[in-house]
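# Summary of the model geometry
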Amino acid sequence: MNKLLNVSSSPHVRSTDTTQSIMLDVAIAMLPAAAFGVFQFGMHALLVLIVTVAACVLSEFVFEKIAKRKNTIADMSAVVTGLILALNMPADIPLWIPVLGSIFAIIVVKQLYGGLGQNFMNPALAARCFLLISFTGKMSSFTLDGWSGATPLAVLKTGGSVDVAAMFIGKIPGTIGEVSVIALLIGAAYLVFKKIISLRIPVTYILTVAVFAFIFGQQDMNFVLAHICGGGLIFGAFFMATDYVTSPITPKGQIVFGILLGVLTGLFRLFGGSAEGVSYAIIISNLMVPLIERVTLPKAFGKEGK
Amino acid sequence: MGLATFKGGVHPYEGKELSENKPVQVLMPKGDMVYPMSQHIGAPATPLVAKGDKVLAGQKIGEASGFISANVICSVSGTVKAIEPRRVANGAMVNSIIVENDGEYTAVEGLGADRDPASLSKQEIRDIVKEAGIVGLGGAGFPTHVKLTPKDENAIEYILVNGAECEPYLTSDYRMMLEEPEKIVGGLNVILQLFDKAKGVIGIENNKPEAIKKLTELVKDEPRIEVCPLQTKYPQGGERSLINAITGRKVNSSMLPADAGCIVDNIDTVIAVYMAVCKTTPLMRRIVTVTGDAIANPQNYHVKIGTDFQELVDAAGGFKTQPEKLIAGGPMMGMALFDLNIPVTKTCSALTCFTKDEVAAYEETPCIRCGKCVSVCPSHIVPVKMMKAALKGDCEAFEKVNGMECMECGSCTYVCPAKRPLTQAFKEMRKTVAANRRKKA
């Protein structure tokens, strides 16, 4: 024996999943929606995607350099944050806005709270809400085929009617990534298939919104479907509400979280001032996560009765 | 609904193809034999011999000191060379009897004589099992006579024989199920003789169809025994998981299997009971799988307890590549060795030799709260919360999140994408909490 052996406590084998491989899968799952956005809104959308992702990665790199922390850009989490933020942007947004959002997301929301795993709000969504409040006009003006138009949910709010089939495909004004339900569902199916996310949060979230819209809105299938397909609900439910760091880890907690998201989204949409509410519902629910987890700790095996 | 199983668990790479088709070979030791006095849970045995004494194969050389303790039997004939502390697989120094093997294997009188279990009373059977030094050979090493002496013998409804062998790479139980199934059934019948109200169930994972077929065929005329195929999933062979899969009952950390009407014994343990009761042969040997990608010829060996691990490696053709990690046992629950000059004890089911150490290949990164650990935990607890408490050394918080229900199976650590040493931290915490409890009591 000419070499020292490694000694460590069991187990001695590890699965091949890593943080990096999971983040990569999440990024891949967003590609159909991103591709649809570029196809529909044009090259400026692609520019927004590239610049936002680059800004997020660069912010992380620079901050960690200055703070003398370990460089973690290889874990791909900044890429995911960048993609989510970019997909939440109107296609013709001036590029400095998503860059500002990226810096806010990575440095203020993520790194200042301790980096990956420590942030209590979804960084991309917190940044989006920050931008929505700061630059309301630019952040909520959407154009499609050269025409500026209201989003389907804004049309519904003012009593108009919408074409649900167009919403399903994505032929509607909106942010780059939220418009095409079918593209988003393809990505979501990939995440579920790869066991990256469970269906608990997205399904309870979407169902709750549907029930809420049915009870407090109009008892009309078209209205309910529009609420499911519109306002970034599908994007939010599958890609943002399921963010590991800011959603409950307990199975029961995930259901409670989904219902809370649905109720808040319904309240904001039907009784609030704005037509949409997914982003706000998610970041507010993020704050409830520690509480939800505390009350939904699972019963240990063999201790169910106690 | 498919096969019987439990909720949670993982599917690590099985690695059984290396040795599953290798018939068990008898390995005759050449060098000195080392018999640690503590190869079981409970009080260490007391040496019955002194330096210079002649000893025989089958002779009791260590006496159980108390009820929860076990005798130690000499597996060769020769001379006692020394009684001194020696290193064992878990890293501890344990008082051991070292015997210079004369290579004759002269046995004590009567060794190997046939005995009809029907002529024995329940107490006689228990005494034979105790005298034979039998302990749980699956890994825990709990003295078998203690298991077979529950408070209320009529409350025992199931004798479960653990043939799950869910630990990756291990094939020793599998080979015994194929090669000596009569002894398994014979041993189980002896145990059933102790418990009038119990039925025997042999649980086998469905990645061993040959073993299921063989035993099912063998027990078809046994009214009190059946075979239960189990879903292949780690830790299916954990005591609590096995009881849950077969009977639907649940055992937590403050219960014994007997509290749920069950007694669980490993395949090799049942064979040991058969050998002791029906063949007058105490526990002197065990089946050891020598495997892993670093071993030239992976094999299953019939090894005399006390044999040096180095002899096993030599018999298996040595290392074909330089190993980075050697494990006494399997990769999920085995113990890493830093030296091969360690004796095979009653609980060593395998020697697994890896060219690459996967643990060292990965770097620990921050928890991303993915919840994989929660979904695989067979104890249905929340490793993330336990880790938080463990990192702070907060025993109270650790107990509050049911940390003591952890069975240290390693599933959470296996599945963690951030490669965090969860099980390792939990082992430390559980030890501390248990020590604190003893202090208070």
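Residues numbered from 1 in each chain as written. Chains lettered and ligands numbered in written order. Predicted model: local features only at pLDDT ≥ 70, side-chain atom pairs only at ≥ 80, totals over all residues. Heavy atoms only, no water.

This paragraph deals with the overall build of chain A. If you tally the helices and strands in chain A, you get 14 helices and two strands. Its C-alpha atoms give chain A a radius of gyration of 20 Å, near enough to 19 Å, the size a compact globule of 306 residues would have. Taken along the three principal axes of its C-alpha coordinates, chain A extends 80 × 55 × 30 Å. A buried classification covers 55% of the 306 residues belonging to chain A. Total accessible area on chain A is roughly 12,900 Å²; 70% of this is exposed by carbon and sulfur atoms. The distance from the centre of the 20 positive side-chain charges to the centre of the 14 negative ones in chain A is 12 Å. (Helix = DSSP H or I, 4+ residues; strand = E, 2+ residues; numbered from the N terminus. Rg over C-alpha atoms; globule rule 2.2 N^0.38 Å. Buried < 20%, exposed > 50% of the residue type's maximum accessible area, 1.4 Å probe, protein only. Areas by Shrake-Rupley, 256 points an atom, 1.4 Å probe, with all protein chains shown as cover. Lys, Arg positive; Asp, Glu negative; His and termini not counted. Charge placed at Lys NZ, Arg CZ, Asp CG, Glu CD.)

The helix and strand inventory of chain B stands at 14 helices and 17 strands. With the C-alpha coordinates aligned to their principal axes, the bounding extent of chain B is approximately 65 × 50 × 50 Å. Buried residues in chain B amount to 59% of all 441 residues. Taking contacts inside chain B between residues at least 6 apart in sequence as the whole, the part at least 24 apart equals 73%. With the model as given, the accessible surface of chain B reaches about 17,100 Å², and the carbon-plus-sulfur share is 52%. Across chain B, the 52 positively charged side chains and the 52 negatively charged ones have centroids separated by 7 Å. (Contact = heavy atoms within 4.5 Å.)

Further remarks concern the interface of chain A and chain B. Across the boundary between the two partners, chain A contributes 42 residues, which contact 60 residues of chain B. With both sides pooled, the region where chain A packs onto chain B buries about 4,500 Å², and carbon together with sulfur makes up 57% of that total. For the chain A face of the interface with chain B, the top three residues by lost area are His12(A), Arg14(A) and Phe301(A), together amounting to 20%. Counting the contacts that link chain A with chain B gives five salt bridges. (Buried area = accessible area lost by both parts, 1.4 Å probe. Salt bridge = Lys/Arg side-chain N within 4 Å of Asp/Glu carboxyl O.)

Attention now moves to the packing of aromatic side chains. Here the structure, examined in full by the defined rule, presents 11 aromatic pairs over all chains. Centroid distance Trp96(A) to Phe135(A): 5.2 Å. Interplanar angle 90°. Geometry classified as edge-to-face. Here the residue Trp96(A) occupies a position in helix H4 (residues 96-110), and Phe135(A) occupies one in the loop between helix H5 (123-134) and helix H6 (136-139), the gap between them amounting to 39 residues. Where Tyr169(B) meets Phe354(B), the ring centres are 5.2 Å apart and the plane angle is 70°; that geometry is what we call edge-to-face. Of this pair, Tyr169(B) sits in the loop between strand E9 (158-163) and helix H3 (172-179) while Phe354(B) sits in strand E17 (residues 350-354), placing them 185 residues apart in sequence. One aromatic cluster in this structure is built from Phe212(A), Phe216(A) and Phe271(A). A cation sits over an aromatic face here: Lys233(B) above Phe6(B), 4.6 Å from the ring centre. (Phe/Tyr/Trp six-rings, centres within 6.5 Å; stacked < 30°, edge-to-face > 60°. Lys NZ or Arg CZ within 6 Å of the ring centre and 35° of its normal.)

Residue and element names in this part refer to chain B. The interhelical angle for the contact between H3 and helix H5 (residues 209-218), taken along N-to-C directions, is 35°, at an axis separation of 9 Å. By crossing handedness, the relation of H3 to H5 is classed as left-handed. Two secondary-structure elements touch here, H3 through Tyr174, Met177 and Leu178 and H5 through Glu210, Ala211, Lys214 and Leu215. A class-by-class count of the residues in the contact of H3 with H5 yields five nonpolar, no polar and two charged. (Axes fitted to C-alpha atoms, helices over the stretch in contact; angles between N-to-C directions. Left-handed = near helix turned anticlockwise from the far one by under 90°. Nonpolar A, V, L, I, M, F, W, Y, C, P; charged D, E, K, R; others polar.)

Peptide bonds are mostly trans, and most non-glycine residues show a negative phi. Of the consecutive residues Ser10(A) and Pro11(A), the connecting peptide bond is found in the cis state with omega at -5°. With respect to the element layout, Pro11(A) can be found in the segment before helix H1 (19-41). For the peptide bond that leads from Tyr234(B) to Pro235(B), omega is -5°, which places it in the cis range. Along the polypeptide, Pro235(B) turns up in the loop between strand E11 (225-230) and helix H6 (239-247). Backbone geometry at His380(B) places phi at a positive 55°, although glycine is not the residue there. Inspection of the secondary structure puts His380(B) in the loop between helix H10 (372-376) and helix H11 (383-392). Residue classification places His380(B) among the buried positions, given a relative accessible area of 14%. A positive phi angle is found at Asn402(B), which is not glycine, with a value near 65°. If you trace the backbone, Asn402(B) turns up in the loop between helix H12 (395-400) and helix H13 (411-415).

In this section: the sheet that holds strand E15 (residues 325-328) of chain B. Residue and element names in this part refer to chain B. Reading across from one edge, E1-E14-E13-E17-E15-E16 is the order of the six strands in this open sheet, with mixed pairing throughout. Strand pairing shows two members of the sheet lacking a second neighbour, strand E1 (25-27) and strand E16 (335-337), which therefore form its edges. Neighbour-to-neighbour, the strand axes of the sheet open up by a mean angle of 30°, direction not taken into account. Where strand E13 (residues 285-291) meets strand E14 (residues 299-304), six bridges bridge the pair, whose relative direction is antiparallel. Across the sheet, Ile287 pairs through a bridge with His302, a residue of E14. Relative to the sheet, H3 contacts E13 and E14, its axis offset from that of E13 by approximately 120°. (Pairing = 2+ DSSP bridges.)

Residues and elements named next belong to chain B. Ordered in space as E11-E10-E9-E12, the four strands form an open sheet in which the pairing is parallel. Edge positions in the open sheet fall to E11 and strand E12 (262-266), since each of these has one partner strand only. Strand-to-strand, the axes of this sheet are offset by a mean angle of 25°, without reference to chain direction.

It is worth spelling out helix H10 (residues 200-216) of chain A at this point. For H10(A), built from 17 residues, the straight-helix expectation of 24 Å at 1.5 Å per residue is met to within 8% by its first-to-last C-alpha distance of 24 Å. Within H10(A), burial applies to Ile201(A), Pro202(A), Thr204(A), Tyr205(A), Ile206(A), Thr208(A), Val209(A), Ala210(A), Phe212(A) and Ala213(A). (Expected span 1.5 Å × (residues − 1).)

All names here are of chain B. For chain B, the domain assignment lists domain 1 (17-110 + 283-354), domain 2 (112-279) and domain 3 (372-440). For domain 2 versus domain 3, the separation of C-alpha centres amounts to 29 Å. Opposite the six residues of domain 2 that make contact, domain 3 presents seven residues. Taken together, both faces of the contact between domain 2 and domain 3 bury some 550 Å²; the carbon and sulfur share is 49%. Viewed at the interface, domain 3 and domain 2 are joined by zero salt bridges. When its residues are assigned to classes, the side of domain 2 that touches domain 3 shows two nonpolar, three polar and one charged. (Domains from an automatic or database assignment.)

All names here are of chain B. Taken as a whole, this structure holds 30 salt bridges over all chains when the rule is applied. Here Glu179 and Arg175 are joined by a salt bridge, their closest N and O atoms 2.8 Å apart. Of the two residues, Glu179 and Arg175 both sit in helix H3, four residues apart, roughly one turn of that helix. Relative accessible area serves as the criterion here: at 30%, Glu179 is assigned to the partly exposed category.

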